[in-house]
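The chain contents come next:
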Amino acid sequence: MFVDDKKMHKFLKTIEGLGLKSSVEDNTKRENANVNGDTAMGTMLQYGSTVSKEFAKAYLMKKKFADAHDEGDIHIHDMDFEAMGTTTCLQIDLDKLFKGGFSTGHGYLREPNDIMSYSALAAIAIQSNQNDQHGGQSIPLFDYYLAPGVIKTFKKQLKMTIEDLLDYSDFASFVSTKTLEAEIAKISTIEIEAEMFKKFYKENESLERLFTMAVEKAVKKTDRITYQAMEAFIHNLNTMHSRAGAQVPFSSVNFGTDTSAEGRMIVKNYLLAVDAGLGHSETPIFPISIFKVKEGVNYNPEDPNYDLFKLSCKVSAKRLFPNFEFLDAPYNLQYYVPGRPETEVATMGCRTRVMGNVVDPEKAVSPGRGNLSFTTINLPRLGIKHGIVGARANKKADMKAFYEELDRLLELCRDQLLDRYQIQCNKRVYNFPFLMGQANWLDSERLKPNDKLKKVLRHGTLSIGFIGLAEALTALIGEHHGESAKAQKLGLEIIGHMREVMDAYSQEYKLNITCLATPAEGLSGRFTRIDRAIFGKIKGVTDKDYYTNSFHVPVAYNISIAKKIKTEAPYHALTNAGHISYIELDGD
């Protein structure tokens, strides 16, 4: 497995650290923020991860890919799962999954019939799918998907309330139970008036008041139950475990555009539950919440969901979530089709985005799709090698050599991703019993248990990311994009070039090859440590613990909120695999 003693020694020291050190002492045990490396199951998972990475490098990938990763030119994410052929993440279509019920592999679950069941099964779906993938799980249309649960709950509550009031008032003999049930079964919204029951009370004012009271009470009870369901959903996702009990599901939910009374009730109560926090008022880590902002829906004061937008801002100020996704941004709006919620862009985790589809433009939708794998390029290293800083500094940046090496790394990442894609395509439906077996992935309902996956995986994305644009610019010209228009221009040229190359790859291979603004805070530290060991401590570049997240302006740089957003905004249009901008403020 190892070609030299040095690599063997490094591997054994890693194993030793996992077994004998705490997460405070060993960075490896903190590599995944969602895994507690100090627990027995967390340590066991990391033992397997460490061995699996070495197996992948020795037996599954070309030597040039493994060397580029080990030397810090690139970072192959989730390498420990390459042998398993898993994909990264998925936008789960709950409508499709819940219809007729589904199986988790250990039993069949009936279609949910009230909002408590809807929220419970949504959490179970996220937990189950996480066991078939190496990344996170997302629900793209949380409000739309759970709204039917509100209707079903309302019908139950209305029926029980009317029957109870009839019993208490001695009017039971005046109303046929079967006829009442048939009338309630017709209800398609919680926004009803007592007048729909006029056939039962006719001119009897007492009975009219009874039905009016029943409707009002049923709405209030449904609202209260919906809050409890949202509270349970959040608590479940912060306590239930997956992947051998080593971590809670990495989950996210997108919402905000369903203007129905039921969808609005879901969003209101979800936000209130997030605001309340967990048992000791802790801020919930999961699910990551994403509020989708759209003019005509929730952005302006006259919009039907504007009150929910205001509530989301209030909750975000306290709990950091929800994040906000702007559907009117040109790169999102191009896919939006009014009346088709599945064309609304949704994110997985804090940023991952899957929308465009060169394989089938008619299926440029969020539900049922996800990222297959991604690899990140170390931009600061290219800046150091061809820029004006460090011991090997040039008098001026050699941009010709910079772009030549960047293109070489882009080709390297492309080839590595395509090789990994073949491993994934050669897996079969039975390898992923929930993801594929329960038809969660787009078009997977067409496959049989022994079928390979190429026909459906092509709807996913292969992404090439970058990290440390700010440090790369500092190394190239002595200043980053927050400091000068010159640096901003160069930054946009570099990322624009990467996007153009990836768009060309997409057309050449007829696959969705996309540009990612890589988050990976742990990776940014890994690259920095390697580069500091090679190039020494360089001011503004390697003299820190971490390279800056993707295209962000460095967090320590003194810049106004408006200027930071204005500086980072153009990069969002270039990074079609996912992006995020945020503001960090001093104080509590």
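Structure's up top.
Keep in mind it's a predicted model, so treat the numbers as computed, not measured. (Residues numbered from 1 in each chain as written. Predicted model: local features only at pLDDT ≥ 70, side-chain atom pairs only at ≥ 80, totals over all residues. Heavy atoms only, no water.)

Peer 1: Hey, could you go over the nonpolar core for me, with residue numbers and the actual values?
Peer 2: Core analysis: the largest hydrophobic core is formed by 124 residues, its most contacted members being Leu-158, Phe-197 and Phe-211. Val-389, Phe-527, Val-541 and Tyr-547 belong to the second largest nonpolar core, which has ten residues in total. (Core = buried A, V, L, I, M, F, W, Y, C linked by side-chain atoms within 4.5 Å. Buried < 20%, exposed > 50% of the residue type's maximum accessible area, 1.4 Å probe, protein only.)

Peer 1: Kindly report on a nonpolar patch on the surface, identifying the contributing residues and their values.
Peer 2: Taken together, Ile-561, Ile-565, Ile-583 and Leu-585 make up a surface patch of nonpolar side chains, about 360 Å² in accessible area. Among the structural elements, Ile-565 can be located in helix 19 (residues 561-574). (Patch = residues over 30% accessible without salt bridge, like charges linked within 9 Å, V, L, I, M, F, W, Y side chains within 5 Å. Areas by Shrake-Rupley, 256 points an atom, 1.4 Å probe, with all protein chains shown as cover. Salt bridge = Lys/Arg side-chain N within 4 Å of Asp/Glu carboxyl O. Helix = DSSP H or I, 4+ residues; strand = E, 2+ residues; numbered from the N terminus.)

Peer 1: Quick one: what's the story with the state of the cysteines, residue by residue and with numbers?
Peer 2: Here the structure, examined in full by the defined rule, presents zero disulfides. You can see Cys-515 has no disulfide; the closest cysteine sulfur is in Cys-413, sitting 11 Å from it. (Disulfide = S-S within 2.5 Å.)

Peer 1: Can you tell me about the packing of aromatic side chains, naming the residues and giving the values?
Peer 2: Where two aromatic rings form a pair, the distance of their centres and the angle of their planes describe that pair. In the structure shown here, the tally under the stated rule is 21 aromatic pairs. Ring plane angle 85 degrees and centroid distance 6.0 Å describe the contact between Phe-309 and Phe-324, whose orientation is recorded as edge-to-face. Of the two residues, Phe-309 sits in helix 11 (residues 306-319) while Phe-324 sits in strand 8 (residues 323-326), which places them 15 residues apart along the sequence. Taken together, the aromatic side chains of Phe-142, Phe-233, Phe-255, Tyr-270, Phe-291, Tyr-299, Tyr-306, Phe-309 and Phe-324 make up a single cluster linked through ring pairs. Here the guanidinium or amino end of Lys-294 rests over the ring plane of Tyr-336, the centre of that ring lying 4.9 Å away. Here the basic side chain of Arg-414 rests over the ring of Tyr-505, its NZ or CZ set 4.8 Å away from the ring centre. (Phe/Tyr/Trp six-rings, centres within 6.5 Å; stacked < 30°, edge-to-face > 60°. Lys NZ or Arg CZ within 6 Å of the ring centre and 35° of its normal.)

Peer 1: An account of the pattern of salt bridges is needed here, citing residue identities and associated values.
Peer 2: Evaluated as defined, the whole model comprises 29 salt bridges. Of the charged contacts, one joins Glu-54 and Lys-57 as a salt bridge, the two residues approaching to 3.3 Å between their closest N and O atoms. In this pair, Glu-54 and Lys-57 are both assigned in helix 2 (residues 40-60), three residues apart and thus about one turn of the helix distant. The class of Glu-54 is buried, set by a relative accessible area of 17%. What makes Lys-57 buried here is its relative accessible area of 16%. Here Glu-445 ties to Lys-96 by a salt bridge, and the two come within 2.8 Å at their closest N and O atoms. Highlighted residues: Glu-445 in the loop between helix 14 (399-425) and helix 15 (454-457) and Lys-96 in helix 4 (residues 94-98), separated in sequence by 349 residues.

Peer 1: Outline the sheet that holds strand 8, listing residues and values.
Peer 2: Backbone-to-backbone hydrogen bonds join strands into a sheet, with any given pair of strands oriented parallel or antiparallel. Strand order across the open sheet formed by five strands is 2-5-6-7-8, with parallel pairing between neighbours. Of all the strands in the sheet, just strand 2 (90-91) and strand 8 have a single pairing partner and so form its edges. Sheet topology note: the strand 2/strand 5 (residues 137-139) ladder contains two bridges and is parallel. For Gln-91, the partnering residue across the bridge sits in strand 5 and is Ser-138. Along the sheet, helix 5 (residues 115-130) makes contact with strand 2, strand 5 and strand 6 (251-255), crossing strand 5 at roughly 150 degrees. Packing of helix 6 (residues 142-169) onto the sheet brings it into contact with strand 5 and strand 6, and relative to strand 6 it is tilted by some 85 degrees. (Pairing = 2+ DSSP bridges. Contact = heavy atoms within 4.5 Å. Axes fitted to C-alpha atoms, helices over the stretch in contact; angles between N-to-C directions.)

Peer 1: Can you break down unusual backbone geometry residue by residue, with the values?
Peer 2: Here the bond from Phe-286 into Pro-287 is cis, since omega is -5 degrees, no more than 30 degrees from zero. Along the polypeptide, Pro-287 turns up in the loop between helix 10 (261-276) and strand 7 (288-293). Here Phe-321 and Pro-322 are connected by a cis peptide whose omega angle stands at 10 degrees. Locating Pro-322 in the fold gives a position in the loop between helix 11 and strand 8. In this model, Ser-281 sits at a positive phi of 70 degrees, which is unusual for a non-glycine residue. Locating Ser-281 in the fold gives a position in the loop between helix 10 and strand 7. A residue is classified by how much of its surface remains accessible, and Ser-281, at 41% relative accessible area, is partly exposed. Look at Ala-439: it is not a glycine, yet its phi comes out positive at around 60 degrees. A residue is classified by how much of its surface remains accessible, and Ala-439, at 13% relative accessible area, is buried.

Peer 1: An account of helix 9 (residues 205-237) is requested, with residue identities and associated values reported.
Peer 2: When the terminal C-alpha atoms of helix 9 are compared, their 48 Å separation across 33 residues agrees well with the 48 Å that a helix rising 1.5 Å per residue should span. The backbone nitrogen of Ser-206 lies 3.0 Å from a side-chain oxygen of the residue at the head of helix 9, namely Asn-204. (Expected span 1.5 Å × (residues − 1). Polar contact = N/O pair within 3.5 Å; in protein donor to acceptor, adjacent residues only side chain to side chain.)

Peer 1: Which residues make up the sheet that holds strand 1 (residues 74-76), and what are the values?
Peer 2: What the four strands build is an open sheet, ordered 1-11-12-13; its pairing is mixed. In this open sheet, the two edge strands, each paired with only one partner strand, are strand 1 and strand 13 (512-517). The sheet shows a mean angle of 25 degrees between the axes of neighbouring strands, direction not considered. By the bridge criterion, seven bridges tie strand 11 (residues 371-378) to strand 12 (residues 461-467) in an arrangement that is parallel. Directly across from Thr-376, in strand 12, lies its bridge partner Gly-465.

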